[in-house]
Amino acid sequence: MYVCYGALQFTAYRTTTQLLAQLDPHRLPPSLESFVSGAVAGGLATASTYPLDLLRTRFAAQGTERIYTSLLGSVQDIARNEGPAGFFRGCSAAVVQIVPYMGLFFTTYESLRPVLSGLENMPFGSGDAAAGVIASVLAKTGVFPLDLVRKRLQVQGPTRTQYVHRNIPEYRGVSSTIAMIVRTQGVRGLYRGLTVSLIKAAPASAITMWTYERSLKLLRDFSVAE
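To keep things clear, this report deals only with the structure shown in the data block. Note that the structure is predicted; figures quoted are calculated from it, not measured. (Residues numbered from 1 in each chain as written. Predicted model: local features only at pLDDT ≥ 70, side-chain atom pairs only at ≥ 80, totals over all residues. Heavy atoms only, no water.)

Another point: the packing of aromatic side chains. In total, this model carries 9 aromatic pairs according to the counting rule given. Plain terms: the ring middles of Y50 and F88 are 6.3 Å apart, the flat faces sit at 15 degrees to each other, and that makes the pair stacked. Taken as a pair, Y50 in helix 2 (residues 30-61) and F88 in the loop between helix 3 (71-81) and helix 4 (91-117) lie far apart in primary sequence, 38 residues in all. Centre to centre, the rings of F105 and Y109 are 6.2 Å apart; their planes meet at 0 degrees, and the pair counts as stacked. Here the residue F105 and the residue Y109 both occupy positions in helix 4, the gap between them amounting to 4 residues, near one helical turn. This pair shows no difference in class: F105 is buried, exactly as Y109 is. Cluster of aromatic residues (ring-pair linked, three or more members): F10, Y13, Y101, F105, F106, Y109 and Y212. The ring centre of Y101 lies 5.6 Å from the NZ or CZ of K140, which sits over that ring. (Phe/Tyr/Trp six-rings, centres within 6.5 Å; stacked < 30°, edge-to-face > 60°. Helix = DSSP H or I, 4+ residues; strand = E, 2+ residues; numbered from the N terminus. Buried < 20%, exposed > 50% of the residue type's maximum accessible area, 1.4 Å probe, protein only. Lys NZ or Arg CZ within 6 Å of the ring centre and 35° of its normal.)

By the secondary structure assignment, Q156 is in the loop between helix 5 (128-154) and helix 6 (174-185). Judged by its relative accessible area of 3%, Q156 falls in the buried class. A polar side-chain atom of Q156 sits 3.1 Å from the main-chain carbonyl oxygen of R152. Not counting residues within four places of it along the chain, the set of residues in contact with Q156 comprises R58, E82, R89, I168, P169, E170 and Y171. (Polar contact = N/O pair within 3.5 Å; in protein donor to acceptor, adjacent residues only side chain to side chain. Contact = heavy atoms within 4.5 Å.)

Turning to the packing of helix 5 against helix 7 (residues 194-221), a few remarks are in order. Where helix 5 contacts helix 7, the axes come no closer than 7 Å and their chain directions differ by 140 degrees. Taken together, the axes of helix 5 and helix 7 lie oblique to each other. Crossing angle aside, the handedness with which helix 5 passes helix 7 is right-handed. Contact residues: D128, A129, G132, V133, S136, V137, K140, T141 and F144 in helix 5; L194, S197, L198, A201, A202, S205, A206, M209, W210, E213 and R214 in helix 7. A class-by-class count of the residues in the contact of helix 5 with helix 7 yields 11 nonpolar, 5 polar and 4 charged. (Axes fitted to C-alpha atoms, helices over the stretch in contact; angles between N-to-C directions. Parallel < 35°, antiparallel > 145°, perpendicular 65-115°, else oblique. Left-handed = near helix turned anticlockwise from the far one by under 90°. Nonpolar A, V, L, I, M, F, W, Y, C, P; charged D, E, K, R; others polar.)

Before going further, it helps to examine the nonpolar core. Y101, M102, F105, F106, M209 and Y212 are the most contacted members of the largest nonpolar core, which totals 20 residues. Only helix 1 (2-21), helix 2, helix 4, helix 5 and helix 7 provide two or more residues apiece to this core. Element by element, the count of residues in this core is highest for helix 4, at 7 residues. Dropping the residues within four chain positions of it, Y101 is found in contact with S136, A139, K140, V143 and S205. Core analysis: the second largest hydrophobic core is formed by 13 residues, A61, I78, A94 and Y163 among them. (Core = buried A, V, L, I, M, F, W, Y, C linked by side-chain atoms within 4.5 Å.)

Bringing the layout of surface pockets into the picture now. Estimates place the volume of the largest pocket at around 1500 Å³. For the largest pocket, the lining is made up of 48 residues, of which R56, D147, R150, K151 and K200 are closest to its centre. Breaking the lining of the largest pocket down by element, the ones donating at least two residues are helix 1, helix 2, helix 4, helix 5 and helix 7. Across the lining of the largest pocket, the residue classes break down as 25 nonpolar, 14 polar and 9 charged. By volume, the second largest pocket is sized at about 240 Å³. (1 Å grid on protein atoms, 1.4 Å probe; cavity = no way out; pocket = protein on both sides within 12 Å on 5 of 7 lines; lining within 4 Å. Points joined across faces, edges and corners; volume = space filled by probe spheres on them.)

Inspection of every chain in the model, using the stated rule, returns 13 salt bridges. The salt bridge partner of R113 is E110, with a shortest N-O separation of 3.6 Å. Linking R113 with E110, this pair stays in helix 4, spanning 3 residues, or about one helical turn. On the accessibility criterion, R113 (25% relative accessible area) is partly exposed. For R214, the salt bridge identified is with D128, shortest N-O distance 2.9 Å. Here R214 is found in helix 7, whereas its partner D128 is found in helix 5, with 86 residues between them in sequence. (Salt bridge = Lys/Arg side-chain N within 4 Å of Asp/Glu carboxyl O.)

Worth remembering: the numbers are spatial, not functional.
This is the structure:
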């Protein structure tokens, strides 16, 4: 999932950025250009790889009593019992979450990278990693409730009561899920798991953006990328 997602995301980001750059003399401001490119890239990559994301969440939610024994078996089971729509449970929440997330992420990243790159004693001689960490923390915190809703909706369906947590409530739709969480757990319930999510996302974004910038530079040196 991550290989496919990353390939689609950065291809779409670069392509959209290059297309927007051709809008002269009506080119968008740099920050808005980064937001649009990030939003398009995130939305396209998320929608395209969403069935794999759903399978990942369901496998992670399994306990010792396995619901799905293999990747192929899980695909066949969902197709048989839930139909094609079953592979896209919570997709609307995922897209609604990822569009502002990636927009904010790339806007923050592109704004901070030139500033941090000019500082001395940065790791690996670059501010790419530091900019990635800060951008990830800010963007993730801003849209985390929708990420939580996405995961709650992914474990709905006929297997809802068979996961390691057998008391998973039944949710229907993005707005009703948010309303139920606020009603039963308060506003803080929308941010349950945020700390763990940030601990995972921050270093992952640092490595991803550092690798992306190094790879792009290498391709430019070989005259492969513009």
